[in-house]
Amino acid sequence: MYQETMNSQFILGQGSMYERMRRAAQNLLDPFIFHAALVYSDAGRTVLGDAHREYLDIGQRFGLPMIATTPTWRANTDRVAQSDFADRNVNRDGAQFMLDLRDSYGPDAAPILIGGITGPKGDGYLPQQAPSAQQAERFHNPQIEALAESGVDFLIAKTLPSFDEARGIARAMARSELPYVLSFVVRPDGAILDGTPLADAIACIDRETDHPPDSYNVNCVHASVFAAAIKATNRQDPSTAARIGGLDANTSSKSPEELEGLEELDTEAAEDFGKNLWALHTDIGTKYLGGCCGSSTEHIAALASCSIGGARSSELVD
């Protein structure tokens, strides 16, 4: 099902889960593994399931294939060991929750792919906290193995601020033989936050990995930042730009430095968000589009509406 779905002309992503749960389920979250803990209580499962269903129902309503991810972005081995759930297989349980949720839509539903997700070891906005490639491979491998054995359709690492950490994750994910995706935080000049040009990172990982990523994504930046980064990468190396398959977009155009530690949500109107993202599909062919920080059900619904409205724009909405 993975390859058939990925061959679709357009694939819809969900909106924010991490930020959404931070506001909607604060008293149910674990300080170490965050919303991965929600699967262990009836109240938590209800909150998590309802949020996912709001997004997935949009895909069903518009007949669009969708990607959803496990609630395991912060469920690495170190964090699980410090949590109240150290005796549980948190990654397997989170994956099973999502697989069961997908099954509840029945065999005739529009396709839903489940991605087993891992995040950076440190803060996704602080590349100086990232481990070396060798350290990253060792650190992330246990979580990646658990996710790979859980029945997910593919693996994905999101909010990566560092080339070296991405290299290590790629080595660990490649051993699983599942399709996998690496998703970076980038700047408008096409560089990852550690300063490595995205084109150089993609070329190196593709070259040195026996089983390279299925594709590369960007997340946690605004559509305007992604558009600029794609243009810069295309100027440097069109073949690597073609390997960038999608974006989970912030609703804020602020830089990582401006967003770091920001208490109030900075967002844009849902209609503008939808038009901005759909322009990436129509103008540069970005196949997968979803939401990251600040995005809600309304933002994803606006994007899905553009998919049937024929919206096209060569300029992003301010």
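My aim in this report is to walk through the structure given alongside it, one point at a time.

**A word on unusual backbone geometry**
Logical step 1: Look at Phe34: it is not a glycine, yet its phi comes out positive at around 55°.
Logical step 2: Along the chain, Phe34 turns up in the loop between helix H2 (18-24) and helix H3 (42-62).

**Topic: the pattern of salt bridges**
Logical step 1: On inspection of all chains with the given rule, the structure shows 12 salt bridges.
Logical step 2: Between Lys158 and Asp248 there is a salt bridge; the shortest N-O distance is 2.9 Å. Separated by 90 residues along the polypeptide, Lys158 in strand E4 (residues 154-160) and Asp248 in strand E7 (residues 244-249) bring together distant segments of the chain. Taken individually, Lys158 and Asp248 each receive the classification buried, so the pair is uniform in this respect.
Logical step 3: The closest approach of N and O atoms between Arg167 and Asp164, which form a salt bridge, is 3.5 Å. With Arg167 and Asp164 both in helix H7 (residues 163-174) and 3 residues apart, this pair spans about one turn of that helix.
Logical step 4: Exposure remark for Arg167: the relative accessible area of 19% places this residue in the buried category.
Logical step 5: By relative accessible area, Asp164 is classed as partly exposed at 32%.
Logical step 6: Each of Glu137, Asp164, Arg167, Arg171, Arg175 and Glu208 takes part in a single network of salt bridges with overlapping partners.

**Here we look at the side chain of Gln14**
Logical step 1: Along the chain, the position of Gln14 falls in the loop between strand E1 (11-13) and H2.
Logical step 2: Engagement of the side chain of Gln14 in a polar contact is seen with the side chain of His52, the distance being 3.0 Å.
Logical step 3: Discounting chain neighbours no more than four positions away, the residues touching Gln14 are His52, Tyr55, Leu56, Met66, Ile67, Ala68, Thr69, Asp248, Tyr288, Gly290, Gly291 and Ile300.

**Side note on the packing of aromatic side chains**
Logical step 1: Going through the model one piece at a time under the given rule, you end up with 5 aromatic pairs.
Logical step 2: Here the aromatic rings of Tyr18 and Phe34 are separated by 4.1 Å at their centres, their planes lie at 20°, and the arrangement is stacked. One end of the pair, Tyr18, is in helix H2; the other, Phe34, is in the loop between H2 and H3, with 16 residues separating them in the sequence.
Logical step 3: Judged by relative accessible area, Tyr18 falls into the partly exposed class, the value being 30%.
Logical step 4: Consider the rings of Tyr18 and Trp73, whose centres lie 4.9 Å apart with planes at 75°: the pair is edge-to-face. Of the two residues, Tyr18 sits in helix H2 while Trp73 sits in the loop between strand E2 (66-69) and helix H4 (77-82), which places them 55 residues apart along the sequence.
Logical step 5: Judged by relative accessible area, which is 15%, Trp73 ranks as buried.
Logical step 6: The rings of Tyr18, Phe34 and Trp73 are connected pair by pair, giving a single aromatic cluster.

Cut-offs and rules
- Residues numbered from 1 in each chain as written.
- Predicted model: local features only at pLDDT ≥ 70, side-chain atom pairs only at ≥ 80, totals over all residues.
- Heavy atoms only, no water.
- Helix = DSSP H or I, 4+ residues; strand = E, 2+ residues; numbered from the N terminus.
- Salt bridge = Lys/Arg side-chain N within 4 Å of Asp/Glu carboxyl O.
- Buried < 20%, exposed > 50% of the residue type's maximum accessible area, 1.4 Å probe, protein only.
- Polar contact = N/O pair within 3.5 Å; in protein donor to acceptor, adjacent residues only side chain to side chain.
- Contact = heavy atoms within 4.5 Å.
- Phe/Tyr/Trp six-rings, centres within 6.5 Å; stacked < 30°, edge-to-face > 60°.

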